[in-house]
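Chains, contacts and geometry: an overview
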Number of protein chains: 2
Amino acid sequence: MSVMLLTPRPESPRSDPTPAAHDRVYRGLRTRIMHGAIAPGQALTLRGIGAEFGVSMTPAREAVRRLVAEGALQLSSSGRVSTPELTNERIEELAALRALLEVELASRALPRAHMALIDRLQTINASIGEVIEAHDAVGYIRTNLEFHRTLYLRAQAPAMLAMAETVWLQLGPTMRKLYGRLQRRETPHFHKLIIAALKAGDEPGLRLAVRSDVTQGLRMLTT
Amino acid sequence: MSVMLLTPRPESPRSDPTPAAHDRVYRGLRTRIMHGAIAPGQALTLRGIGAEFGVSMTPAREAVRRLVAEGALQLSSSGRVSTPELTNERIEELAALRALLEVELASRALPRAHMALIDRLQTINASIGEVIEAHDAVGYIRTNLEFHRTLYLRAQAPAMLAMAETVWLQLGPTMRKLYGRLQRRETPHFHKLIIAALKAGDEPGLRLAVRSDVTQGLRMLTT
DNA sequence: ATGACCGACATGTGATCACAAACGAGCCGG
DNA sequence: CCGGCTCGTTTGTGATCACATGTCGGTCAT
């Protein structure tokens, strides 16, 4: 009778066939927020989110709770959901956190950085130029983060990387406002310094370059 | 007729009269985990949590999701909830994070540290001796964290403090195992160094003392 | 005695519902 | 013309339910 019950999931084991609904919603919202696709102060509704992802309120609520826990979303006293509008003090704090965490991550990645990694970084850096040409703010943020993440992945420090990503998440909506403002810009200077320091195995130089790259953009964000 | 409608909340604005159920559950579980009241690897069930707090599964699930997002709980592939058993690599990483964040927090608190703060720290430090006498592991962790939090609150850096607390949360169950092991111990030496550095306004000394205090305990945790 | 199978129970997931609170637009009095 | 009230609608919250899946026990064949 129930012989078929032994293979309840005929799909391939890799790439979970049906990711949990709340996880799909979480990931969808997360990347949007981190890439700056949502403006600060934007209001969201659970029913709206659910409708957008084709699920009911329950998974939408779970995804929102998770994002609130990570500081990516804000809850008003009445439970309304919105992307946070950051104060200057908070922006400075988050910039300091980025500096702390990412300098450490880069430093740990340095001894593990092979030529293949540097090549990939240069490729990513080149594509940053393209998105700048296209005036694609979201694409710029996404590619920039990809550059940093690619480097930090070599640090073999998942907890630290997760914390750095949490900070990125909190800065997402605000970064959109920043990069929407200053349109013209060449491919980031400090990225080249980072790559040069990696090639030279120059740890102090790498720390300084990362710190500068992180600080530079955020400094002009404080109104 | 409806003049009273302008004061929809006759209660005092502080201490929300009926905190949301999911928040009560979240806070309850959170402090338990952070204080090391739950052993690593301990399994939990949504229905069990709900029953314990007198709520249904829904708020229990939200609280759990939030704690999972903060790394305080772990989800097995099938969705089962448990406190994580940390690997040595992860413990070292979290210790490094504590060092990074807390040194920075202490450094920021230093210029704001008045005599009243130092007095409070000394009072807390004294009570640490008592809980050590009583062989109260949970009390020790709680009081120790109170010492650190009291200092870091002066840093006026809420985002950074929140990150530090997240790290504490992840280390909670594992710390229980540690402090359960080594029973006898005098009131922590490095706390006295921290207080001395605060009195002297000695920033390098403070940074070193905090780093030592954070590192010391965690070092003997790596199996 | 040992191992695989199978079935009952436990558990997480997501949808739906009832309810309370909050928001907002319209209305009324000034 | 303006300000405050009011009521309908929107929205979040929590309980409950049906269902799929996982887990653990016993059972039976070898």
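The rules behind the values
Residues numbered from 1 in each chain as written. Chains lettered and ligands numbered in written order. Predicted model: local features only at pLDDT ≥ 70, side-chain atom pairs only at ≥ 80, totals over all residues. Heavy atoms only, no water. Least-squares fit on C-alpha atoms with pLDDT ≥ 70 in both. Contact = heavy atoms within 4.5 Å. Buried area = accessible area lost by both parts, 1.4 Å probe. Salt bridge = Lys/Arg side-chain N within 4 Å of Asp/Glu carboxyl O. Helix = DSSP H or I, 4+ residues; strand = E, 2+ residues; numbered from the N terminus. Expected span 1.5 Å × (residues − 1). Buried < 20%, exposed > 50% of the residue type's maximum accessible area, 1.4 Å probe, protein only. Near = heavy atom within 4 Å. Polar contact = N/O pair within 3.5 Å; in protein donor to acceptor, adjacent residues only side chain to side chain. Nonpolar A, V, L, I, M, F, W, Y, C, P; charged D, E, K, R; others polar. Phe/Tyr/Trp six-rings, centres within 6.5 Å; stacked < 30°, edge-to-face > 60°. Lys NZ or Arg CZ within 6 Å of the ring centre and 35° of its normal. Arc of directions from axis to C-beta. pLDDT = per-residue confidence, 0-100. Core = buried A, V, L, I, M, F, W, Y, C linked by side-chain atoms within 4.5 Å. Pairing = 2+ DSSP bridges. Axes fitted to C-alpha atoms, helices over the stretch in contact; angles between N-to-C directions. Parallel < 35°, antiparallel > 145°, perpendicular 65-115°, else oblique. Left-handed = near helix turned anticlockwise from the far one by under 90°.

Looking now at the relation of the copies chain B and chain A. Superposition of chain B onto chain A requires a rotation of 180° combined with a translation of 0.0 Å along the rotation axis, giving an RMSD of 0.0 Å. The relationship between the two copies is best expressed as a two-fold rotation axis. Proximity to the rotation axis, assessed at the C-alpha, singles out B:Arg66 in chain B; its C-alpha lies 2.6 Å from the axis. Residue by residue, 100% of the interface of chain B is reproduced at the interface of chain A, so both copies engage with the same surface.

On the chain A side, the residues contacting the 25 residues of chain B number 25 residues. For the pairing of chain B and chain A, the buried interface totals around 2200 Å² over both sides, and the portion due to carbon and sulfur atoms is 69%. Sorting the residues of chain B by area buried against chain A places B:Arg65, B:Glu93 and B:Met163 first, and these three jointly supply 27% of that buried surface. Here chain B is connected to chain A by four salt bridges. A salt bridge links B:Arg65 to A:Glu62; the shortest N-O distance between them is 2.4 Å.

The terminal C-alpha atoms of helix H4 (residues 88-109) of chain B, which comprises 22 residues, lie 31 Å apart, in line with the 32 Å expected from a rise of 1.5 Å per residue. Most of H4(B) is tucked away: 17 of the 22 residues are buried.

Our focus in this paragraph is the protein's contact with DNA strand C. Not every one of the 20 residues close to DNA strand C is listed here, only the nearest: A:Ala21, A:Ser56, A:Thr58, B:Arg47 and B:Met57. Within 4 Å of the protein, the contacting atoms of DNA strand C are drawn from sugar and phosphate to the extent of 65%. Within the backbone of A:Ala21, one N or O atom sits 2.5 Å away from a phosphate oxygen of DNA strand C. Between a base nitrogen of DNA strand C and a side-chain N or O atom of B:Arg47, the distance comes to 2.9 Å. Elements with a contribution of two residues or more to the surface near DNA strand C: helix H1 (21-34) and helix H3 (57-69) of chain A together with helix H2 (46-53) and helix H3 (57-69) of chain B. Per-element tally for the surface near DNA strand C: the top contributor is H3(B), with three residues. Per-class residue counts for the surface near DNA strand C are seven nonpolar, seven polar and six charged.

With that out of the way, let us pick up the packing of aromatic side chains. The geometry of an aromatic ring pair is captured by the separation of the ring centres together with the interplanar angle, meaning the angle of the planes. A full pass over the atoms with the stated rule returns two aromatic pairs over all chains. In this structure, A:Arg66 is placed above the aromatic ring of A:Tyr26, and the distance from its NZ or CZ to the ring centre is 3.7 Å.

Residues and elements named next belong to chain A. Here H1 spans 20 Å end to end across 14 residues, near enough to the 20 Å set by a 1.5 Å rise per residue. Listed as buried for H1 are His22, Asp23, Val25, Tyr26, Leu29, Arg30, Ile33 and Met34. Across the axial projection of H1, the buried residues extend over an arc of 160°, all falling on one side. Two residues or fewer past H1, Gly36 is found with a positive phi of approximately 75°.

The next point concerns the confidence of the model for chain A. The predicted model of chain A averages 88 in pLDDT, with 88% of residues at 70 or higher. Counting interchain partners and residues more than four positions distant, the pLDDT-below-50 stretch residues 1-14 of chain A has four contacts.

As a further point, take the side chain of A:Glu62. Residue position: A:Glu62 is located in helix H3. Other than its neighbours up to four places away in sequence, A:Glu62 contacts A:His22, B:Arg61 and B:Arg65.

Of all hydrophobic cores here, the largest spans 135 residues; its most connected members are A:Leu151, A:Leu198, B:Leu151 and B:Leu198. Excluding anything up to four places from it in sequence, A:Leu198 contacts A:Leu110, A:Ala113, A:Ile118, A:Leu121, A:Leu151 and A:Leu206.

This part takes up the sheet that holds strand E1 (residues 43-44) of chain A. Residue and element names in this part refer to chain A. One open sheet accounts for three strands, arranged E1-E3-E2; its pairing is antiparallel. Lying at the two open borders of the sheet, with one neighbouring strand each, are E1 and strand E2 (74-75). Examined bridge by bridge, E1 and strand E3 (residues 81-82) share two bridges and lie antiparallel to one another. Each residue of the ladder has a partner; that of Leu44, found in E3, is Val81.

On to the packing of helix H1 (residues 21-34) of chain B against H3(B), then. All names here are of chain B. Contact geometry for H1 and H3: axes closest at 8 Å, N-to-C directions at 45°. For the element pair H1 / H3, the angle class is oblique. By crossing handedness, the relation of H1 to H3 is classed as right-handed. Judged by residue contacts, Ala21, His22, Asp23, Val25, Tyr26, Leu29, Arg30 and Ile33 of H1 engage Pro59, Ala60, Glu62, Ala63, Arg66 and Leu67 from H3. Among the residues forming the contact of H1 with H3, the class breakdown is nine nonpolar, one polar and four charged.

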